[in-house]
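# Chain and residue survey
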Amino acid sequence: MSEQTLENQGLKGPDKNSRLNVIKFALLTSLICSLLITSAATGLKNFQLKNMETDRKKNILKACDLLDSQKKASKKQINQLYTANIKEVMVNPEGKIIKTHTDGALKLFLYEKNDGKSGYIIPINTRGLWGKIQGYLAFENDGQTVSGFSVFSHSETPGLGGEIESTWFQKNFKGKKIINSQNKFVSVGIAKGKVKNLPKEDRYNYVDGISGATLTGKYLSEGIKETLTQYNPVSVTFRQKQLRIKEQKE
Amino acid sequence: MLAEKDHFKEILIKGIWKENPVAYQVLGICSALAVTVKMSTAIVMGIALTIVTAFSSLIISSMRKHIPSNIRIIVELAVIASLVIVTDQILKAFLYDISKQLSIFVGLIITNCIVLGRAESFALANPPADSFVDGVANGIGYSLILVCVAFIRELLGSGKILGFNVIPGFLVDMGYQNMGLMVLAPGAFFIIGLLVWLKNNLPGVSHEEN
């Protein structure tokens, strides 16, 4: 018999290893642990939700270049910028802005900067390698040029797929097109390797891939394409309006 | 008092160097492979693990006389997991940016063998203060190796130290290329293997000789 059991039987009264004690101890531990976790989770929930909301707004602002990703901004600054420049609207599947919520309505953000540049932002919600990737893809008002991309939440491998949230990856999206030279919708994708190794006509539709994260790139490309197909009427509306403005000018 | 100081010092040296969790006990290799691509993540992971190991050892050690031995591992895991989740929640509420950087690493601390290893082999048999110091020591020992590996990997793999470029431009123009292997997990295997060998065999560095 081990020393501990002897000590317990001799000095501590009932054996700590008795079946009743084991059950008691297990129940007590689970109770304390669950209480602790529940109180932490519920008590801090409001703080966390606020943080997440600010972070979401920050990423919308980052996507359309209203906020420099290198600089730190306070919560107040972010909220001010957001209310001043971003408008949340719902659009129907035909690409028209609607007032009342209907089935199949899509969420869209419109932005207008102080220098007069405007456009729209599409929320991207796709699967990644390990979990969901949520981000924002911003377009200029010509309905075809990407003006920015940002990732709001993901669970990819840090250092590999996790690089999708790094600045070098996101800034590569700027200026890419979602249509090819024949004006056909092709979406914007993540290349396997570097864009400079692709055929010339494809270069405007791809961004540099991340080495060691081929799958993340693949899923993100697929997700972006799927979402953009869904939102294609919106882009088409923007493209046509742009056309109309040009015609009027001529 | 003096004897007590020496006693703590000995636990510290043992955890940080003599019986270093990565280089001697060969524990925590999984996370050492995953978080050492960049130095910044390695440092934050080191700090987070040190805190969790120290406090889980402290809590488990103070309950050690009451934990029934046949469910002790479950109890240890419950303590560690609760601690990690609470830490994660607090980070999310008050240090959101840091918690975003750490992403899944915080959750992964639960599965780090070092935490459970220290609880099982030290905290269950030693008083709380000793266990706390032991947890801190092992956390520092782990961080030390992690930062070394991350330094080599970031320097050779991306040409950066802590995110700053250090490879001079003219070398790149002359055809200098980063070592792609270092960015991938096998690169970490080689470096950790080398460090373990250095730690245990190099004359003057190894503790086994003296």
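Right, let's walk through the structure included here. (Residues numbered from 1 in each chain as written. Chains lettered and ligands numbered in written order. Predicted model: local features only at pLDDT ≥ 70, side-chain atom pairs only at ≥ 80, totals over all residues. Heavy atoms only, no water.)

### Quick word on the overall build of chain B
Worth spelling out the cut-off: Strands here mean DSSP runs of E at least two residues long; helices mean DSSP runs of H or I at least four residues long; both are numbered from the N terminus. A simple rule labels every residue: compare its accessible area, found with a 1.4 Å probe on the protein chains alone, to the largest value its type can have, and call it buried under 20%, exposed over 50%, or partly exposed in between. Note on contacts: a residue pair is in contact if any heavy atoms of the two residues lie within 4.5 Å. A 1.4 Å probe and the Shrake-Rupley method give the accessible areas. Residues count as covered only by the protein chains that appear here. Asp and Glu count as negative and Lys and Arg as positive, but His and the ends of the chain are not part of the count. Lysine's charge is taken at NZ, arginine's at CZ, aspartate's at CG and glutamate's at CD.
Along its length, chain B carries 11 helices and 2 strands. Listing the helices and strands of chain B from first to last along the sequence gives α-α-α-α-α-α-α-α-β-β-α-α-α. Seen through its C-alpha atoms, chain B measures out along the principal axes to roughly 65 × 50 × 35 Å. Counting all 210 residues of chain B, 44% fall into the buried class. Here the analysis covers contacts within chain B between residues at least 6 apart in sequence; of these, 75% occur between residues at least 24 apart. When the accessible surface of chain B is summed, it comes to about 10300 Å², and 71% of that surface belongs to carbon and sulfur atoms. Seen as two clouds, the 14 positive and the 14 negative side-chain charges of chain B have centres 3 Å apart.

### Topic: the interface of chain A and chain B
Note on interface size: it is often stated as the accessible area lost on association of the parts. Going by this rule: The term buried area denotes the loss of accessible surface (1.4 Å probe radius) that occurs when two parts are joined, taken as the sum for both partners. Salt bridges are defined as contacts in which a side-chain nitrogen from Lys or Arg sits within 4 Å of a carboxyl oxygen from Asp or Glu. We define a polar contact as two N or O atoms separated by no more than 3.5 Å, with the added condition that, inside protein, one atom must be a possible hydrogen donor and the other a possible acceptor, whereas residues neighbouring each other in sequence contribute only through side-chain atom pairs. Each residue is assigned to one class: nonpolar for Ala, Val, Leu, Ile, Met, Phe, Trp, Tyr, Cys and Pro, charged for Asp, Glu, Lys and Arg, and polar for all the others, Gly among them.
With 31 residues of chain A at the interface, the matching set in chain B holds 30 residues. Interface area, chain A with chain B, both sides summed: about 2500 Å², of which 66% is carbon and sulfur. Three residues, A:K16, A:F25 and A:P158, lead the burial of chain A against chain B; their summed loss comes to 22% of the area buried on that side. Connecting chain A to chain B are 0 salt bridges. Where chain A packs against chain B, one counts 4 residue pairs in polar contact (both at pLDDT 80 or more). Looking at the side of chain A that touches chain B, the elements that each hand over two or more residues are α1 (3–11), α2 (19–43), α3 (45–63) and β6 (146–153) of chain A. It is α2(A) that contributes the most residues to the side of chain A that touches chain B, 10 residues altogether. Considered class by class, the residues forming the side of chain A that touches chain B number 15 nonpolar, 10 polar and 6 charged.

### Side note on a nonpolar patch on the surface
Residue and element names in this part refer to chain B. Selection criterion: Surface patches are defined over residues having more than 30% relative accessible area and no salt bridge, joining like charges when they lie within 9 Å and nonpolar side chains (Val, Leu, Ile, Met, Phe, Trp, Tyr) when within 5 Å.
Among the surface-exposed residues, I43, I47, I51, F55, L162 and F164 lie close enough to one another that they form a single nonpolar patch of about 580 Å² accessible area. Among the elements that line the nonpolar patch, the one with the most residues is helix α3 (residues 39–62), at 4 residues. Among the structural elements, I51 can be located in helix α3.

### A short note on the state of the cysteines
Such a bond, covalent and formed between the sulfur atoms of two cysteines, is termed a disulfide. For the record, the criterion: The disulfide definition used here is simple: a pair of cysteine sulfur atoms within 2.5 Å.
Applying the stated rule across the entire model yields 0 disulfides over all chains. Unpaired in this structure, B:C148 has its nearest cysteine sulfur neighbour in B:C30, at a distance of 20 Å.

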